[in-house]
Every structure is written in C-alpha cells, then in structure tokens.
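Per-entry structural report
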Number of protein chains: 2
Amino acid sequence: MDTTIVIGYIAGCLTTLSFIPQVIRSWRLRETRDLSFLMLLLFAVGVCLWAVYGIWIGSLPIIAANLITFVLILFLVWMKFRFK
Amino acid sequence: MDTTIVIGYIAGCLTTLSFIPQVIRSWRLRETRDLSFLMLLLFAVGVCLWAVYGIWIGSLPIIAANLITFVLILFLVWMKFRFK
C-alpha cells in the first residue's frame, strides 16, 4: 500500500473518529447549547452524500467512514434536542 | 460532468461549509464550553492530512475544501481559548 493511500486512510480515521470525543463531552456535560444545529444538519446531509458517492465509486472506506460519522452526528442531534 | 462527481462536490461543499454556522454561533454566544477541544484537534490534523493527500493525488477540490475547513477549525480553536 503506498504512502498516499495510508495518508488518506489516517485522514479519514481522524475526521471520522473526531466526533467521538464530542459525543462523550456532550453526554457528560448534558449540554449542547454551544453546538450549532445547522452545522450538525449540513454535516449529516454532507456525510450521507459522501456515503452515496462511496457506493457509486465502490469505495468501502468512504462508505464506512461516512456511515460511522452519520451515526455519531445523529446521536449529537438527539442530544441537541434532549439536553436543551 | 457525471452525477457521481456532482454528488461528491455537493458532499464536499456541505461538510466544508457546515463549520461556518458553528463559527458564527460560537462568535455570537462568546461561548465554546460545549465544544470538545479534542474533536477540534483531531479534525484539524485530519483535514491537514486530507490536504496533503489532495496535493499528492493532484486534486484541487480536496486541497481547497480541506484548507477552508482547516481555517474555520483554527478559528474555533482560537475562540475555544478566547471564550473560556
């Protein structure tokens, strides 16, 4: 596997996994006031389209990374409504 | 331009531009307590690597989208320290 692909995979892991500490923080604080709902909405639609793009070009890493991110964002949206 | 590429561009625009409402919200509220610093850090490193990946595969949209996101994230990091 060449370096370019490895860099791509690391980048994908980081931007996907970055939402985990946000989910943990929101859950612990029981506060999401400072999070922008519009940000979450645009990001959710964006990662869905990335997943569609991944399906069309047949790229499993793109599909997987974006579906994981989508689930994490959904959880943040739920907390945004739950913890006003 | 075929539909797949268009979907990819729309997805890229959405996930990039989604940080703008977050920057606006943080600026207006003068509050960033609910934002996870680790999320911002991982995302910043992630988009930098995406930009490197973009340079290596010669993809201007990947470079541009990720550099814009990087600047927006830097601004959020600055506010995270500024507005404790």
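In short, a report on the structure. This one's a predicted model, so the numbers in the text were calculated from it and none came from an experiment.

**Thoughts on the packing of helix 2 (residues 19-29) of chain B against helix 4 (residues 60-82) of chain B**
Residue and element names in this part refer to chain B. Helix 4 packs onto helix 2 with a crossing angle of 20 degrees between their chain directions and a minimal axis gap of 10 Å. By the angle class used here, helix 2 and helix 4 are roughly parallel. Crossing hand, helix 2 versus helix 4: left-handed. On the side of helix 2, the interface is formed by Phe-19, Ile-20, Gln-22, Val-23, Ser-26 and Trp-27, while helix 4 contributes Thr-69, Leu-72, Ile-73, Phe-75, Leu-76, Trp-78 and Met-79. Its residues placed into classes, the contact of helix 2 with helix 4 shows 10 nonpolar, 3 polar and no charged.

**Describing the interface of chain B and chain A**
Counting residues at the interface gives 37 residues for chain B, matched by 36 residues for chain A. At the surface where chain B touches chain A, the tally comes to 0 salt bridges. At the junction of chain B with chain A, the criterion picks out 13 residue pairs in polar contact (both at pLDDT 80 or more). Breaking the side of chain B that touches chain A down by element, the ones donating at least two residues are helix 1 (3-17), helix 2 and helix 3 (37-57) of chain B. Among the residues forming the side of chain B that touches chain A, the class breakdown is 21 nonpolar, 11 polar and 5 charged.

Cut-offs used in this document
- Residues numbered from 1 in each chain as written.
- Chains lettered and ligands numbered in written order.
- Predicted model: local features only at pLDDT ≥ 70, side-chain atom pairs only at ≥ 80, totals over all residues.
- Heavy atoms only, no water.
- Axes fitted to C-alpha atoms, helices over the stretch in contact; angles between N-to-C directions.
- Helix = DSSP H or I, 4+ residues; strand = E, 2+ residues; numbered from the N terminus.
- Parallel < 35°, antiparallel > 145°, perpendicular 65-115°, else oblique.
- Left-handed = near helix turned anticlockwise from the far one by under 90°.
- Contact = heavy atoms within 4.5 Å.
- Nonpolar A, V, L, I, M, F, W, Y, C, P; charged D, E, K, R; others polar.
- Salt bridge = Lys/Arg side-chain N within 4 Å of Asp/Glu carboxyl O.
- Polar contact = N/O pair within 3.5 Å; in protein donor to acceptor, adjacent residues only side chain to side chain.

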